[in-house]
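Residues per chain, in single letters:
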Amino acid sequence: MPLYIGVMSGTSLDGLDIALIEQDQRPHLLATLYRPMPEGLRSDLLALCTSGHDELARAAVAEQHWVELAAEAVNELLQQQGLTAGQIRAIGSHGQTVRHEPARGFTIQIGNPALLAELTGICVVGDFRRRDVAAGGQGAPLVPAFHHDLFGHDQRHVAVLNVGGFSNLSLLSPGQEVRGFDSGPGNVLLDAWIQHCRGLAYDRDGAWAATGSVNSELLARLLSNPFFATQGPKSTGRELFNLDWLLGHLQALPPLASGDVQATLVELTACSIVSALRNAQAHTDTMLVCGGGAHNACLMQRLSEMLPGAAVSSTAIEGVDPDWVEAMAFAWLAHCALEGIPGNRPSVTGAKGLRILGAIYPA
(Lines give C-alpha, C1' and ligand atoms only; values in the text may rest on other atoms or scores of the structure.)
Protein backbone atom coordinates (compact mmCIF):
# COMPACT_ATOMS: atom_id res chain seq x y z
CA MET A 1 0.00 0.00 0.00
CA PRO A 2 1.31 3.51 -0.80
CA LEU A 3 2.72 5.62 2.01
CA TYR A 4 2.12 9.35 2.38
CA ILE A 5 3.29 11.99 4.82
CA GLY A 6 1.14 14.90 5.95
CA VAL A 7 2.67 18.13 7.25
CA MET A 8 0.31 20.41 9.15
CA SER A 9 1.11 23.78 10.71
CA GLY A 10 -2.03 25.43 12.03
CA THR A 11 -3.08 28.92 13.06
CA SER A 12 -2.00 28.23 16.64
CA LEU A 13 1.62 28.37 15.41
CA ASP A 14 2.72 25.99 18.16
CA GLY A 15 4.57 23.60 15.89
CA LEU A 16 4.49 21.15 12.99
CA ASP A 17 2.53 17.90 13.06
CA ILE A 18 3.99 15.19 10.81
CA ALA A 19 1.89 12.09 10.14
CA LEU A 20 2.81 8.98 8.17
CA ILE A 21 -0.16 7.13 6.72
CA GLU A 22 -0.77 4.05 4.65
CA GLN A 23 -3.55 4.61 2.12
CA ASP A 24 -5.68 1.55 1.62
CA GLN A 25 -9.44 1.70 1.25
CA ARG A 26 -9.17 4.04 4.23
CA PRO A 27 -6.11 5.87 5.58
CA HIS A 28 -4.26 4.25 8.46
CA LEU A 29 -1.99 6.22 10.77
CA LEU A 30 1.39 4.51 11.10
CA ALA A 31 3.67 7.01 12.84
CA THR A 32 3.85 10.63 13.97
CA LEU A 33 6.33 13.31 14.91
CA TYR A 34 5.83 16.72 16.46
CA ARG A 35 8.33 19.52 15.99
CA PRO A 36 7.83 22.62 18.19
CA MET A 37 7.95 25.98 16.43
CA PRO A 38 11.07 27.95 17.38
CA GLU A 39 10.01 31.15 19.12
CA GLY A 40 11.81 33.39 16.65
CA LEU A 41 10.10 31.75 13.67
CA ARG A 42 6.75 31.83 15.46
CA SER A 43 7.11 35.56 16.03
CA ASP A 44 8.08 36.13 12.40
CA LEU A 45 5.09 34.15 11.11
CA LEU A 46 2.68 35.85 13.49
CA ALA A 47 3.92 39.26 12.37
CA LEU A 48 3.20 38.32 8.75
CA CYS A 49 -0.50 37.96 9.56
CA THR A 50 -0.76 41.77 9.40
CA SER A 51 0.76 44.26 7.00
CA GLY A 52 4.21 45.59 7.81
CA HIS A 53 7.49 46.91 6.47
CA ASP A 54 9.28 44.82 3.81
CA GLU A 55 6.83 41.98 4.31
CA LEU A 56 7.53 40.27 0.97
CA ALA A 57 11.19 39.74 1.84
CA ARG A 58 10.35 38.83 5.44
CA ALA A 59 7.81 36.29 4.19
CA ALA A 60 10.36 34.73 1.85
CA VAL A 61 12.92 34.34 4.64
CA ALA A 62 10.38 32.96 7.12
CA GLU A 63 9.16 30.56 4.46
CA GLN A 64 12.65 29.15 3.97
CA HIS A 65 13.06 28.64 7.71
CA TRP A 66 9.64 26.96 7.92
CA VAL A 67 10.52 24.57 5.09
CA GLU A 68 13.88 23.72 6.64
CA LEU A 69 12.10 22.88 9.90
CA ALA A 70 9.55 20.73 8.04
CA ALA A 71 12.25 18.91 6.05
CA GLU A 72 14.23 18.15 9.21
CA ALA A 73 11.11 16.73 10.83
CA VAL A 74 10.18 14.61 7.79
CA ASN A 75 13.71 13.21 7.53
CA GLU A 76 13.75 12.46 11.26
CA LEU A 77 10.47 10.58 11.00
CA LEU A 78 11.81 8.52 8.10
CA GLN A 79 14.94 7.68 10.07
CA GLN A 80 12.89 6.66 13.11
CA GLN A 81 10.76 4.35 10.98
CA GLY A 82 13.65 2.88 8.97
CA LEU A 83 12.22 4.22 5.71
CA THR A 84 13.84 5.89 2.72
CA ALA A 85 12.52 8.83 0.73
CA GLY A 86 11.86 6.51 -2.19
CA GLN A 87 9.32 4.55 -0.17
CA ILE A 88 7.07 7.61 0.29
CA ARG A 89 4.79 8.39 -2.61
CA ALA A 90 4.24 12.04 -1.63
CA ILE A 91 4.18 14.63 1.12
CA GLY A 92 0.99 16.66 1.51
CA SER A 93 2.09 19.98 2.97
CA HIS A 94 -0.47 22.48 4.20
CA GLY A 95 2.09 25.26 4.62
CA GLN A 96 1.55 28.10 7.07
CA THR A 97 -1.44 30.40 6.58
CA VAL A 98 -0.45 34.06 6.87
CA ARG A 99 -3.53 35.62 5.23
CA HIS A 100 -6.98 34.24 4.57
CA GLU A 101 -9.42 36.60 2.88
CA PRO A 102 -11.58 34.63 0.43
CA ALA A 103 -14.06 37.52 0.22
CA ARG A 104 -11.25 39.42 -1.50
CA GLY A 105 -10.38 36.40 -3.61
CA PHE A 106 -7.21 35.18 -1.93
CA THR A 107 -5.72 32.90 0.69
CA ILE A 108 -1.97 32.65 1.31
CA GLN A 109 -0.11 29.70 2.75
CA ILE A 110 3.68 29.99 2.64
CA GLY A 111 5.64 26.76 2.52
CA ASN A 112 7.66 26.58 -0.74
CA PRO A 113 6.80 23.01 -1.82
CA ALA A 114 9.63 23.09 -4.38
CA LEU A 115 12.22 23.57 -1.65
CA LEU A 116 10.58 20.91 0.53
CA ALA A 117 10.81 18.44 -2.37
CA GLU A 118 14.47 19.37 -2.86
CA LEU A 119 15.36 18.94 0.82
CA THR A 120 13.54 15.63 1.29
CA GLY A 121 13.83 13.98 -2.13
CA ILE A 122 10.09 13.27 -2.00
CA CYS A 123 7.30 14.45 -4.30
CA VAL A 124 5.40 17.26 -2.56
CA VAL A 125 1.81 18.34 -3.05
CA GLY A 126 1.11 21.80 -1.63
CA ASP A 127 -0.93 24.96 -2.06
CA PHE A 128 -4.22 23.11 -1.58
CA ARG A 129 -6.53 26.02 -0.85
CA ARG A 130 -6.10 28.40 -3.78
CA ARG A 131 -7.76 26.21 -6.43
CA ASP A 132 -10.95 26.14 -4.40
CA VAL A 133 -10.81 29.94 -3.92
CA ALA A 134 -10.21 30.33 -7.66
CA ALA A 135 -13.44 28.38 -8.17
CA GLY A 136 -15.34 30.83 -5.98
CA GLY A 137 -14.98 28.87 -2.74
CA GLN A 138 -13.79 29.75 0.73
CA GLY A 139 -10.73 27.52 0.45
CA ALA A 140 -11.61 26.26 3.93
CA PRO A 141 -12.31 24.10 5.68
CA LEU A 142 -10.80 21.31 3.56
CA VAL A 143 -11.00 18.52 6.14
CA PRO A 144 -14.74 17.63 5.88
CA ALA A 145 -14.23 15.33 2.87
CA PHE A 146 -11.54 13.50 4.84
CA HIS A 147 -13.73 13.39 7.94
CA HIS A 148 -16.48 11.83 5.85
CA ASP A 149 -14.08 9.22 4.52
CA LEU A 150 -12.86 8.42 8.03
CA PHE A 151 -15.89 8.89 10.28
CA GLY A 152 -18.99 8.75 8.04
CA HIS A 153 -21.73 6.48 9.39
CA ASP A 154 -24.74 4.82 7.75
CA GLN A 155 -27.08 5.43 10.66
CA ARG A 156 -25.79 8.17 12.97
CA HIS A 157 -25.82 11.93 12.52
CA VAL A 158 -22.20 12.78 13.28
CA ALA A 159 -20.50 16.13 13.80
CA VAL A 160 -16.72 16.17 13.64
CA LEU A 161 -15.36 19.22 15.42
CA ASN A 162 -11.79 20.32 14.86
CA VAL A 163 -10.64 22.86 17.46
CA GLY A 164 -7.30 24.32 16.47
CA GLY A 165 -6.67 28.05 16.39
CA PHE A 166 -10.14 28.23 14.86
CA SER A 167 -13.03 25.78 15.06
CA ASN A 168 -14.59 24.02 12.13
CA LEU A 169 -17.43 21.54 11.90
CA SER A 170 -17.99 18.66 9.50
CA LEU A 171 -21.60 17.43 9.39
CA LEU A 172 -22.04 13.80 8.37
CA SER A 173 -25.63 12.68 7.98
CA PRO A 174 -26.74 9.36 6.44
CA GLY A 175 -27.57 9.71 2.75
CA GLN A 176 -26.62 13.39 2.62
CA GLU A 177 -23.75 15.31 1.14
CA VAL A 178 -21.10 16.25 3.67
CA ARG A 179 -21.39 19.82 4.92
CA GLY A 180 -19.00 21.93 6.95
CA PHE A 181 -17.79 25.40 7.85
CA ASP A 182 -15.73 27.40 10.30
CA SER A 183 -17.76 28.24 13.40
CA GLY A 184 -15.40 30.86 14.87
CA PRO A 185 -12.46 31.06 17.28
CA GLY A 186 -11.13 27.85 18.74
CA ASN A 187 -7.95 28.28 20.75
CA VAL A 188 -6.71 31.46 19.08
CA LEU A 189 -8.13 33.90 21.65
CA LEU A 190 -7.54 31.55 24.58
CA ASP A 191 -3.87 31.27 23.64
CA ALA A 192 -3.51 34.97 22.94
CA TRP A 193 -5.04 35.96 26.27
CA ILE A 194 -2.93 33.64 28.44
CA GLN A 195 0.18 34.73 26.55
CA HIS A 196 -0.80 38.36 27.13
CA CYS A 197 -1.52 37.89 30.84
CA ARG A 198 0.82 35.13 31.94
CA GLY A 199 3.41 34.66 29.21
CA LEU A 200 2.31 31.04 28.69
CA ALA A 201 1.79 29.42 25.30
CA TYR A 202 -1.60 27.92 26.15
CA ASP A 203 -3.98 27.06 28.98
CA ARG A 204 -3.12 23.43 29.67
CA ASP A 205 -6.30 21.35 30.01
CA GLY A 206 -8.30 24.58 30.36
CA ALA A 207 -7.19 24.72 34.02
CA TRP A 208 -7.00 28.53 34.21
CA ALA A 209 -10.37 29.00 32.51
CA ALA A 210 -11.89 26.60 35.05
CA THR A 211 -10.95 29.01 37.88
CA GLY A 212 -12.91 31.90 36.38
CA SER A 213 -16.55 32.81 35.88
CA VAL A 214 -18.23 33.72 32.61
CA ASN A 215 -18.96 37.43 32.22
CA SER A 216 -22.29 37.65 30.41
CA GLU A 217 -21.77 41.22 29.21
CA LEU A 218 -18.42 40.45 27.61
CA LEU A 219 -19.81 37.26 26.10
CA ALA A 220 -22.73 39.14 24.55
CA ARG A 221 -20.38 41.73 23.07
CA LEU A 222 -18.15 39.06 21.54
CA LEU A 223 -21.06 37.06 20.15
CA SER A 224 -22.50 40.21 18.51
CA ASN A 225 -19.89 39.92 15.75
CA PRO A 226 -21.78 39.48 12.45
CA PHE A 227 -19.73 36.39 11.56
CA PHE A 228 -21.66 34.30 14.08
CA ALA A 229 -25.00 35.14 12.45
CA THR A 230 -23.94 34.08 8.95
CA GLN A 231 -24.64 30.65 7.50
CA GLY A 232 -22.08 28.48 5.74
CA PRO A 233 -20.17 28.25 3.55
CA LYS A 234 -17.95 30.45 5.67
CA SER A 235 -14.41 30.56 7.01
CA THR A 236 -12.44 32.92 9.18
CA GLY A 237 -8.98 33.67 10.56
CA ARG A 238 -6.77 36.05 12.52
CA GLU A 239 -7.86 38.88 10.23
CA LEU A 240 -11.15 38.96 12.18
CA PHE A 241 -10.53 37.35 15.57
CA ASN A 242 -7.34 38.42 17.32
CA LEU A 243 -6.02 39.91 20.56
CA ASP A 244 -6.64 43.50 19.46
CA TRP A 245 -10.28 42.62 18.73
CA LEU A 246 -10.63 41.21 22.25
CA LEU A 247 -8.85 44.15 23.89
CA GLY A 248 -11.14 46.56 22.08
CA HIS A 249 -14.17 44.91 23.68
CA LEU A 250 -12.53 44.80 27.09
CA GLN A 251 -11.79 48.54 26.97
CA ALA A 252 -15.52 49.22 26.73
CA LEU A 253 -16.22 47.36 30.00
CA PRO A 254 -15.27 47.82 33.66
CA PRO A 255 -12.06 45.94 34.51
CA LEU A 256 -12.51 42.17 34.65
CA ALA A 257 -10.46 39.52 36.42
CA SER A 258 -8.18 37.92 33.85
CA GLY A 259 -9.39 34.42 34.79
CA ASP A 260 -12.97 35.50 34.14
CA VAL A 261 -11.96 36.68 30.66
CA GLN A 262 -10.42 33.26 29.96
CA ALA A 263 -13.58 31.50 31.17
CA THR A 264 -15.65 33.77 28.92
CA LEU A 265 -13.46 32.95 25.93
CA VAL A 266 -14.06 29.22 26.49
CA GLU A 267 -17.77 29.98 26.60
CA LEU A 268 -17.47 31.97 23.37
CA THR A 269 -15.86 29.00 21.65
CA ALA A 270 -18.48 26.59 23.00
CA CYS A 271 -21.48 28.83 22.28
CA SER A 272 -20.40 29.61 18.72
CA ILE A 273 -19.84 25.92 17.99
CA VAL A 274 -23.15 24.75 19.45
CA SER A 275 -25.19 27.56 17.90
CA ALA A 276 -23.73 26.87 14.46
CA LEU A 277 -24.29 23.13 14.86
CA ARG A 278 -27.92 23.50 15.91
CA ASN A 279 -28.67 25.80 12.98
CA ALA A 280 -27.08 23.48 10.44
CA GLN A 281 -27.89 20.03 11.85
CA ALA A 282 -30.86 20.05 14.19
CA HIS A 283 -30.11 16.61 15.61
CA THR A 284 -26.65 15.23 16.31
CA ASP A 285 -26.09 11.76 17.74
CA THR A 286 -22.33 11.97 18.09
CA MET A 287 -19.78 14.78 18.27
CA LEU A 288 -16.18 13.72 17.68
CA VAL A 289 -13.61 16.32 18.70
CA CYS A 290 -10.07 16.59 17.37
CA GLY A 291 -7.30 19.18 17.49
CA GLY A 292 -5.79 20.77 20.58
CA GLY A 293 -9.22 21.70 21.93
CA ALA A 294 -9.95 18.02 22.56
CA HIS A 295 -7.59 18.30 25.55
CA ASN A 296 -9.33 21.33 27.05
CA ALA A 297 -11.40 19.71 29.79
CA CYS A 298 -13.30 22.94 30.44
CA LEU A 299 -14.38 23.20 26.79
CA MET A 300 -15.25 19.51 26.49
CA GLN A 301 -17.41 19.75 29.62
CA ARG A 302 -19.31 22.76 28.25
CA LEU A 303 -19.90 21.04 24.92
CA SER A 304 -21.32 18.00 26.71
CA GLU A 305 -23.56 20.19 28.87
CA MET A 306 -24.82 22.21 25.91
CA LEU A 307 -25.47 19.12 23.76
CA PRO A 308 -27.24 16.74 26.16
CA GLY A 309 -28.63 14.62 23.32
CA ALA A 310 -25.23 13.92 21.77
CA ALA A 311 -22.34 11.73 22.84
CA VAL A 312 -19.37 14.12 22.97
CA SER A 313 -15.89 12.60 22.94
CA SER A 314 -12.57 12.90 21.21
CA THR A 315 -11.88 11.00 17.99
CA ALA A 316 -9.84 8.57 20.10
CA ILE A 317 -13.09 6.67 20.69
CA GLU A 318 -12.98 5.87 16.96
CA GLY A 319 -9.35 4.79 17.18
CA VAL A 320 -7.89 8.00 15.76
CA ASP A 321 -5.66 10.17 17.95
CA PRO A 322 -7.23 13.68 17.99
CA ASP A 323 -3.82 15.34 17.70
CA TRP A 324 -3.09 13.90 14.26
CA VAL A 325 -6.34 14.11 12.31
CA GLU A 326 -5.43 17.27 10.38
CA ALA A 327 -1.94 16.09 9.43
CA MET A 328 -3.51 12.82 8.23
CA ALA A 329 -6.00 14.85 6.18
CA PHE A 330 -3.27 16.59 4.19
CA ALA A 331 -1.50 13.30 3.55
CA TRP A 332 -4.85 12.03 2.22
CA LEU A 333 -5.28 15.17 0.09
CA ALA A 334 -1.88 14.47 -1.48
CA HIS A 335 -3.16 10.99 -2.36
CA CYS A 336 -6.28 12.53 -3.89
CA ALA A 337 -4.23 14.96 -6.00
CA LEU A 338 -2.01 12.21 -7.43
CA GLU A 339 -5.02 9.99 -8.14
CA GLY A 340 -7.03 12.78 -9.75
CA ILE A 341 -9.69 12.70 -7.01
CA PRO A 342 -11.41 16.00 -6.12
CA GLY A 343 -10.49 17.08 -2.60
CA ASN A 344 -12.98 19.89 -2.02
CA ARG A 345 -16.73 19.74 -1.49
CA PRO A 346 -18.83 22.59 -2.93
CA SER A 347 -21.40 21.99 -0.16
CA VAL A 348 -18.65 22.98 2.29
CA THR A 349 -16.68 25.74 0.60
CA GLY A 350 -19.21 27.14 -1.88
CA ALA A 351 -16.94 26.50 -4.86
CA LYS A 352 -18.52 26.22 -8.32
CA GLY A 353 -17.80 22.51 -8.41
CA LEU A 354 -15.51 19.68 -7.46
CA ARG A 355 -11.82 20.45 -7.98
CA ILE A 356 -8.58 18.52 -7.70
CA LEU A 357 -6.61 20.42 -5.11
CA GLY A 358 -2.90 21.06 -4.82
CA ALA A 359 0.12 21.73 -6.99
CA ILE A 360 2.49 18.80 -7.55
CA TYR A 361 6.26 19.17 -7.22
CA PRO A 362 7.99 15.94 -8.27
CA ALA A 363 11.05 14.78 -6.35
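Above this text you will find the structure in question.
Scope of this entry: the structure provided in the associated data block. (Residues numbered from 1 in each chain as written. Predicted model: local features only at pLDDT ≥ 70, side-chain atom pairs only at ≥ 80, totals over all residues. Heavy atoms only, no water.)

With respect to helix H3 (residues 113-120)
At step 1: Those residues of H3 not exposed but buried are Pro-113, Leu-116, Ala-117 and Thr-120. For H3, the buried positions fall inside an angular range of 100° around the axis, keeping them on one side.
At step 2: Close packing links the buried residues of H3 with helix H2 (55-81), strand E4 (88-101), strand E6 (124-126) and strand E12 (359-361).
At step 3: Residue Gly-121 follows H3 closely and has a positive phi angle near 70°. (Buried < 20%, exposed > 50% of the residue type's maximum accessible area, 1.4 Å probe, protein only. Helix = DSSP H or I, 4+ residues; strand = E, 2+ residues; numbered from the N terminus. Arc of directions from axis to C-beta. Contact = heavy atoms within 4.5 Å.)

Some words on the pairing of strand E5 (residues 106-110)
The side chains of a regular strand alternate between both faces of the sheet.
At step 1: Pairing of E4 with E5, which is carried by five bridges, proceeds in the antiparallel orientation. Its bridge partner lying in E5, Thr-97 is registered against Gln-109.
At step 2: Counting the residues in the hairpin turn of E4 and E5 gives four residues, including Gly-105, whose phi is positive at 85°. (Pairing = 2+ DSSP bridges.)

A look at unusual backbone geometry
At step 1: Look at the link from Ala-140 to Pro-141: it is a cis peptide, with omega at -10°.
At step 2: Following Gly-232, the chain continues into Pro-233 via a peptide bond in cis, with omega recorded as 5°.
At step 3: Following the sequence through the fold, Pro-233 ends up in the loop between helix H8 (216-223) and helix H9 (243-251).
At step 4: Residue Leu-13 is not a glycine yet carries a positive backbone phi of 60°.
At step 5: Looking at the secondary structure, you find Leu-13 in the loop between strand E1 (3-9) and strand E2 (15-23).
At step 6: Positive phi outside glycine occurs at Asp-205, with the angle close to 60°.
At step 7: Note on placement: Asp-205 falls in the loop between helix H6 (188-198) and helix H7 (207-210).

Some thoughts on the nonpolar core
At step 1: If you look at the biggest cluster of nonpolar residues, it comprises 45 residues, and the most contacted ones within it are Leu-161, Leu-169, Leu-265, Met-287, Val-289 and Leu-303.
At step 2: For this core, the element with the most residues is helix H10 (residues 258-280), which contributes 10 residues.
At step 3: Look past the residues within four positions of Leu-265 in its chain and what remains in contact with it is Leu-189, Leu-190, Trp-193, Leu-222 and Leu-246. (Core = buried A, V, L, I, M, F, W, Y, C linked by side-chain atoms within 4.5 Å.)

What to know about helix H11 (residues 297-306)
At step 1: Here H11 has its buried residues at Cys-298, Leu-299, Met-300, Leu-303 and Met-306.
At step 2: Residues of H11 that are buried sit in contact with strand E7 (158-163), H7, H10, strand E10 (286-290) and strand E11 (311-314).
At step 3: Capping of H11 at its N-terminal end is provided by Asn-296; its side-chain oxygen lies 3.1 Å from the backbone amide nitrogen of Cys-298. (Polar contact = N/O pair within 3.5 Å; in protein donor to acceptor, adjacent residues only side chain to side chain.)

Description of the side chain of Glu-63
At step 1: Within the secondary structure, Glu-63 is located in helix H2.
At step 2: No salt bridge is formed by the buried Glu-63, whose closest oppositely charged neighbour, Arg-130, lies at an N-O distance of 8.8 Å.
At step 3: Among residues more than four places away in sequence, those in contact with Glu-63 are Ile-110, Gly-111 and Asn-112. (Lys, Arg positive; Asp, Glu negative; His and termini not counted. Salt bridge = Lys/Arg side-chain N within 4 Å of Asp/Glu carboxyl O.)

Quick look at the packing of H2 against H3
At step 1: Contact geometry for H2 and H3: axes closest at 9 Å, N-to-C directions at 35°. Crossing geometry of H2 relative to H3 is assigned as right-handed. Contacts between H2 and H3 involve Gln-64, Val-67, Glu-68, Ala-70, Ala-71, Val-74 and Asn-75 from the first element and Leu-115, Leu-116, Leu-119 and Thr-120 from the second.
At step 2: The residue makeup of the contact of H2 with H3, split by class, is seven nonpolar, three polar and one charged. (Axes fitted to C-alpha atoms, helices over the stretch in contact; angles between N-to-C directions. Left-handed = near helix turned anticlockwise from the far one by under 90°. Nonpolar A, V, L, I, M, F, W, Y, C, P; charged D, E, K, R; others polar.)

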